[in-house]
Amino acid sequence: MTAAERAPRIARIERATKESDITVELDLDGTGIVDISTGVPFFDHMLTALGTHGRFDLTVHAKGDVEIDAHHTVEDTAIVLGQALGQALGDKSGITRFGDAFIPMDETQVHASVDVSGRPYCVHTGEPDYMVHSVIGGYPGVPYHAVINRHVFESLAMNARIALHVRVLYGRDQHHITEAEFKAVARALRQAVEYDPRVTGIPSTKGSL
C-alpha cells in the first residue's frame, strides 16, 4: 500500500467533566505542528515537546479547575491524549510497532521504550525520591507538581493501549528529568508508529494488536 492509499491517521477526542473540558486533535503523520493551551505553562511546554519531537501535529485545548491545582487538568489531558493516540492508530496495519529512545538533557539521561501491543502497561522507574515533592514553574501561574509524571505516562499508556516503559538513568534537575522523559516518550512513539515498508499487515503473530 502506498502512502497515498493509506487512510489518514488522525483523531479528535473531546472530554468534559465537572473538573475539566478538554479537546485533543492528533495527526500521527504530521510534521510537529503544535497548538497547546492547558492553563499549566510547564505542562504546555512538555506537550509541545511531545508533539515536536514525535513529529505529530498536536492540538490540545484544556480548561480545568487549576484554582485547586493542576492535577485534574494534567490527568484528564493525559487520558484524552491516550484515547486520541489509540483512535489515530486504527488497526495498526503496517506499523513498526516497537520503538525506543535514549534522550540526554545536560546532566540527565532517560530511556523510553514502547510496544504498540494493544495490552496496556506502564513501568516508570528511576526518578530521584525528591521528585515526589518537586514543584516546577508557577512564578506566577499554575505550578506543575512532578509527582504526577508517573500518572501522566500511566494514563497515556492505559488509554492508548500500549506498553510504555520510562527509565530515568540519572539526573539532578527536576525540569531536565521531566523534559527528557517527555522527549524520550515522543521519540519512542514516533519510531513505533512509523510505517515499515516490509510489513504488509498487522505486525503480530496473533494477527491483531
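Structure's up top.
Residues numbered from 1 in each chain as written. Predicted model: local features only at pLDDT ≥ 70, side-chain atom pairs only at ≥ 80, totals over all residues. Heavy atoms only, no water.

Caption draft 1: Spotlight on the overall build of the protein chain. Helix and strand content of the protein chain: four helices and ten strands. Each helix (α) and strand (β) of the protein chain, taken in turn from the N terminus, gives the series β-β-β-α-β-α-β-β-β-β-β-α-β-α. Against the 2.2 N^0.38 benchmark of 17 Å for 209 residues, the protein chain shows a C-alpha radius of gyration of 17 Å, consistent with a compact globule. Overall size of the protein chain, expressed as C-alpha extent along the three principal axes, is 50 × 35 × 25 Å. Looking at the protein chain alone, contacts between residues at least 24 apart form 75% of all its contacts between residues at least 6 apart. Accessible area for the protein chain stands at about 9900 Å²; split by element, carbon and sulfur atoms hold 52% of it. (Helix = DSSP H or I, 4+ residues; strand = E, 2+ residues; numbered from the N terminus. Rg over C-alpha atoms; globule rule 2.2 N^0.38 Å. Contact = heavy atoms within 4.5 Å. Areas by Shrake-Rupley, 256 points an atom, 1.4 Å probe, with all protein chains shown as cover.)

Caption draft 2: Structural view of the side chain of T38. Positionally, T38 belongs in the loop between β3 (34-37) and α1 (41-54). Here the side chain of T38 touches V40 through a polar contact of 3.2 Å, landing on its backbone nitrogen. With near-sequence residues (within four places) excluded, T38 lies in contact with F43, D44, L47, V60, A62 and T73. (Polar contact = N/O pair within 3.5 Å; in protein donor to acceptor, adjacent residues only side chain to side chain.)

By themselves, these figures tell us nothing about what the structure is for.
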